[in-house]
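Structure assessment
These are the residues of each chain, in order.
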Amino acid sequence: MTIAIEPIDPVGRAFFAGVLSGIDLRRPPTAAEAAAVHDGMDEFGVLVFHDQDIDDAQQLAFSRALGPLETATGDIAAPHERRVSMDLNDISNLDRNNKVVARDDRRRLFGLGNQLWHSDSSFKDVPAKYSILSARAIPPAGGNTEFADMRAAYDALDEATKREVHDLVCAHSQIFSRGVLGFTDFTDEERAKWAPVRQRLVRRHPRTGRLSLYLSSHAGGIEGWPVPEARAFLRDLTEHATQRQFVYAHVWRPHDLVMWDNRVTMHRARRYDHTEVRDLRRTTLTNEVSSLEQAP
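What comes next is a walk through the structure. (Residues numbered from 1 in each chain as written. Predicted model: local features only at pLDDT ≥ 70, side-chain atom pairs only at ≥ 80, totals over all residues. Heavy atoms only, no water.)

What follows is about the overall build of the protein chain. Helices and strands together make up the secondary structure of the protein chain, namely 8 helices and 15 strands. For 296 residues, the compact-globule estimate of 2.2 N^0.38 gives 19 Å, and the protein chain sits close to it at 18 Å. Dimensions of the protein chain, computed from the C-alpha atoms along their principal axes, are close to 50 × 45 × 35 Å. A buried classification covers 52% of the 296 residues belonging to the protein chain. Looking at the protein chain alone, contacts between residues at least 24 apart form 80% of all its contacts between residues at least 6 apart. Accessible surface computed for the protein chain: about 13100 Å², of which carbon and sulfur atoms make up 51%. Here the protein chain contributes 38 positively and 43 negatively charged side chains, and the mean placements of these two sets differ by 1 Å. (Helix = DSSP H or I, 4+ residues; strand = E, 2+ residues; numbered from the N terminus. Rg over C-alpha atoms; globule rule 2.2 N^0.38 Å. Buried < 20%, exposed > 50% of the residue type's maximum accessible area, 1.4 Å probe, protein only. Contact = heavy atoms within 4.5 Å. Areas by Shrake-Rupley, 256 points an atom, 1.4 Å probe, with all protein chains shown as cover. Lys, Arg positive; Asp, Glu negative; His and termini not counted. Charge placed at Lys NZ, Arg CZ, Asp CG, Glu CD.)

Pasting the structure below:
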């Protein structure tokens, strides 16, 4: 099959999402197919694969063909509570017995942080590169995922703001992002695991050379700035970066697989009926080096 990428909604704005066809993810990709995916990600930032009825092993095989994976150390479930291996993030509202968790379940409340604009694993010293999300079961309404193009958002800044943000370093932590929603139920071990890490506010893509903002709900401070001023500024930047002209909203279909580059996008989940099953599995490629080692 011929690999092709059809831009999504290119009329009237800069597009950054595309539907990729011509690859069957039930088998590991060839070297040429993997190269085409990397090239497509460099151009778009978000790729959608429709009708990919795959299992965990097939998702892992596809993901590993693209690069090294990080382990799922960012969720709050204890190992004995997990439904899937540590190579996968369980993006669902199900317990290990595949029952919908209660509305006030600690794991669900923690997971509500995914409804804030963020970049996966920005709270880790070495953040994420690609996220690869496979839809196994979706609710009948709601539960979309929205993406924001941080390259276009950077390009649209005025020159004074570009100069101001260029060398800033932020502190990222899940303790901060969950605290925004009022979730403070952390153990001492979790607080130590998610101690703040340093990330650049502006990043340069290593292959394309394009600059982008590196924002996330996990960012709770800017080095050398008073905290209130830093958080107000980061909120202003986030409001700028998530204007509708920079956003693509993905409406999930069964067996969709969507992948995105965390270095150049933010994303957020949208609300849905919490009594309905929503089961997605995410593999995550590591960036391999800290953003501090990638000078803008």
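The subject of this paragraph is helix H1 (residues 31-44). Under the 1.5 Å per step criterion, the end-to-end length of H1 is 20 Å for 14 residues, consistent within 8% with the ideal 20 Å. Those residues of H1 not exposed but buried are Glu33, Ala34, Val37, His38, Gly40, Met41, Asp42 and Phe44. Glycine 45 sits one or two residues past H1 and shows a positive phi near 100°. (Expected span 1.5 Å × (residues − 1).)

Take the nonpolar core next. Val165, Leu201, Leu213, Leu215 and Ile222 are the most contacted members of the largest nonpolar core, which has 26 residues in total. Of all the secondary structure elements, the ones that give two or more residues to this core are helix H4 (150-155), strand S10 (211-213), strand S11 (219-222) and helix H8 (227-241). For this core, the element with the highest residue contribution is H8, accounting for 5 residues. If you look at the next biggest cluster of nonpolar residues, it comprises 17 residues, including Ala34, Leu47, Tyr130 and Ile132. (Core = buried A, V, L, I, M, F, W, Y, C linked by side-chain atoms within 4.5 Å.)

In space, the 3 strands of this open sheet follow the order S12-S6-S14, with antiparallel pairing throughout. Where the open sheet ends on each side, the last strands, each with one partner, are strand S12 (247-250) and strand S14 (265-269). Each adjacent strand pair in this sheet contributes to an overall mean axis angle of 20°, direction not counted. The sheet contact formed by strand S6 (residues 145-149) and S14 spans 5 bridges and is antiparallel. In the sheet register, aspartate 149 faces S14, and the bridge partner there is threonine 265. (Pairing = 2+ DSSP bridges. Axes fitted to C-alpha atoms, helices over the stretch in contact; angles between N-to-C directions.)

What follows covers the pairing of S6. Judged by how many residues are buried, S6 sits mostly within the fold: 5 of 5 residues are covered. Where burial is concerned, the two faces of S6 agree: the one with Thr145, Phe147 and Asp149 and the one with Glu146 and Ala148 are both buried. As paired strands, S6 and S12 are joined by 4 bridges and run antiparallel to one another. Residue pairing across strands places phenylalanine 147 opposite tyrosine 248, the latter belonging to S12.

Extensive coverage of strand S15 (residues 279-286) is indicated by the burial of 8 of its 8 residues. Burial along S15 is two-sided: the face carrying Asp279, Arg281, Thr283 and Leu285 and the face carrying Leu280, Arg282, Thr284 and Thr286 are both buried. Here 4 bridges tie strand S4 (residues 89-92) to S15, and the two strands are oriented antiparallel to one another. Each bridged residue has a counterpart across the sheet, and for serine 92 the counterpart in S15 is aspartate 279. As defined by bridge partners, strand S5 (residues 128-137) adjoins S15 across 7 bridges and the pair is classed as antiparallel. Each residue of the ladder has a partner; that of alanine 135, found in S15, is leucine 280.

With that settled, the discussion passes to the side chain of aspartate 120. Within the secondary structure, aspartate 120 sits in the loop between helix H3 (106-111) and S5. Polar contacts involving the side chain of aspartate 120 include one to the side chain of histidine 118, which spans 3.3 Å. Aspartate 120 has contacts with Ala128, Ser131, Trp260, Asn262, His267 and Arg282, leaving out every residue within four places of it along the chain. (Polar contact = N/O pair within 3.5 Å; in protein donor to acceptor, adjacent residues only side chain to side chain.)

Opposite charge on two side chains permits them to pair, given that their charged atoms come into close proximity. Here the structure, examined in full by the defined rule, presents 24 salt bridges. Here arginine 82 makes a salt bridge to aspartate 75, at a shortest N to O gap of 2.5 Å. Using a relative accessible area of 19% as the deciding quantity, one classes aspartate 75 as buried. Of the charged contacts in the structure, one is a salt bridge between aspartate 120 and arginine 282, with a shortest N-O distance of 3.6 Å. On the criterion of sequence distance, the pair formed by aspartate 120 in the loop between H3 and S5 and arginine 282 in strand S15 is long-range, its members being 162 residues apart. Both residues of the pair, aspartate 120 and arginine 282, count as buried. (Salt bridge = Lys/Arg side-chain N within 4 Å of Asp/Glu carboxyl O.)

Time to look at the packing of aromatic side chains. This structure, assessed with the given rule, holds 10 aromatic pairs. Relative to phenylalanine 62, the ring of phenylalanine 49 lies with its centre 5.8 Å away and its plane at 70°, an arrangement referred to as edge-to-face. Separated by 13 residues along the polypeptide, phenylalanine 49 in strand S3 (residues 46-49) and phenylalanine 62 in helix H2 (residues 56-66) bring together distant segments of the chain. Here phenylalanine 49 matches phenylalanine 62 in class, with each residue buried. Here the aromatic rings of phenylalanine 110 and tryptophan 194 are separated by 5.5 Å at their centres, their planes lie at 20°, and the arrangement is stacked. In this pair, phenylalanine 110 sits in helix H3 while tryptophan 194 sits in the loop between helix H7 (188-193) and strand S8 (197-200), placing the two residues 84 residues apart along the sequence. Relative accessible area serves as the criterion here: at 4%, phenylalanine 110 is assigned to the buried category. What makes tryptophan 194 buried here is its relative accessible area of 3%. Three or more aromatic residues joined by ring pairs form one cluster here, namely Phe110, Phe183, Phe186 and Trp194. The side chain of lysine 129 reaches across the aromatic face of tyrosine 130, ending 4.9 Å from its centre. (Phe/Tyr/Trp six-rings, centres within 6.5 Å; stacked < 30°, edge-to-face > 60°. Lys NZ or Arg CZ within 6 Å of the ring centre and 35° of its normal.)

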